[in-house]
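Survey of secondary and tertiary structure
Now for the letters of each chain:
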Amino acid sequence: MLIFKTINETREFLCSQKGKSLGFVPTMGALHQGHLDLVRKARQENELVAVSIFVNPIQFNNPEDLEKYPRMPELDANMLRSVGCDVLFMPDVSEMYPQPESTVYDFGPIEKVMEGAARPGHFNGVGIVVRKLFEIIEPQKAYFGEKDFQQLAVIRELVRKLSLSVQIVGCATVREPDGLAMSSRNMRLTDNERAVAPKIYQALQTYARHKETLTPSSMKNSIVKELHNEPLFRIDYIEIADDTYLQPVSRWADASGALVFAAVFLGNVRLIDNVRIF
Ligand code: AMP
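None of these values were measured; they are calculated from a predicted model.

Rules behind the numbers
- Residues numbered from 1 in each chain as written.
- Predicted model: local features only at pLDDT ≥ 70, side-chain atom pairs only at ≥ 80, totals over all residues.
- Heavy atoms only, no water.
- Helix = DSSP H or I, 4+ residues; strand = E, 2+ residues; numbered from the N terminus.
- Buried < 20%, exposed > 50% of the residue type's maximum accessible area, 1.4 Å probe, protein only.
- Contact = heavy atoms within 4.5 Å.
- Pairing = 2+ DSSP bridges.
- Axes fitted to C-alpha atoms, helices over the stretch in contact; angles between N-to-C directions.
- Arc of directions from axis to C-beta.

**So, the environment of Ala-42**
Along the chain, Ala-42 falls in helix H2 (residues 33–45). Relative accessible area serves as the criterion here: at 0%, Ala-42 is assigned to the buried category. Measuring from C-alpha to C-alpha, the distance between Ala-42 and Val-169 comes to 9.2 Å, with 127 residues separating the pair along the chain. Excluding anything up to four places from it in sequence, Ala-42 contacts Val-25, Val-49 and Tyr-143.

**Quick look at the sheet that holds strand S1 (residues 2–4)**
With parallel pairing, 6 strands are arranged side by side in an open sheet as S1-S4-S3-S2-S5-S6. Only two strands of the sheet have a single partner each, and these edge strands are S1 and strand S6 (167–171). Between one strand axis and the next, the sheet turns through 25° on average, direction left out of account. Pairing analysis gives 2 bridges linking strand S2 (residues 22–27) to strand S5 (residues 141–145), with the strands arranged parallel. Note on S5: the bridge partner recorded for Gly-23 is Lys-141. Across the sheet, helix H4 (residues 73–82) touches S1, strand S3 (48–53) and strand S4 (87–89), and the angle it forms with S3 is around 165°. Against the sheet, helix H8 (residues 149–161) engages S5 and S6, with an angle of about 170° to S6.

**A closer look at H4**
For H4, the complete set of buried residues consists of Asp-76, Ala-77 and Leu-80. Around the axis of H4, the buried residues are gathered within 100° of arc, so they sit on the same side. Turned more than 90 degrees off the buried face of H4, the exposed positions are Glu-74, Leu-75 and Ser-82. Its buried side turned inward, H4 meets S1, H2, S3 and S4.

Taken by themselves, the reported measurements are silent on function.
Now the structure itself:
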């Protein structure tokens, strides 16, 4: 596996490989099996696989979250070697942002709800970095996790809006054996918090099965009530939204597909998850 820190070296190498199909997995590092699943999928579908590790400061609206974001580049590189990654791009902040960024994207209604509403500027920062990475790597396919379902929708919108030629591939959420969605932030949980964290998925999964007997609002209320039973949880939001524009669903018949989304604080760690209802 080749490791590059600069855009020029990365471009030069990838240019020398022109003609090979290239799959790309953007990440912020502190890798786990969820990330590796995306890399494995990219490995199966492409001749060349590139991964980026970049903790993108402009997508963090909470300075403490950025500062505490886990960084473990050597371990990450070893994991990526083990799944057959060819190129690891690990730029510094000054390499990605030689000047302050002023681009403002309008992703429409998708960015006005849930993560977009709770984290102002977050998706704009994601859009800027992903577009830059696409321009540097020029992949045919890029792989994103459904764990961040709204982000996946925003990236699809970015690609559509800018007529980018990359194909976006969504990949199912990888979970711990107890159901907790794998996340780099999980390692910041205390033992007590880690022990109760799977209750988020359990609650979503339990009620998501009851579409026939619950209205969207009663499903949401049941989940909120269930999560309130756990004193370590502080709910940021529970939403039931459609699978395309992520808008709230008030009647099942109004949507062709819907998911339940959760953002929950445990201490100062904020976890998100989602489960498809139909
Ligand atoms: P991150 O490093 O958190 O920015 O994530 C990089 C990519 O990995 C994103 O496309 C995430 O959606 C994806 N990802 C993170 N956690 C998981 C998971 N548990 N299962 C599947 N994909 C994931």
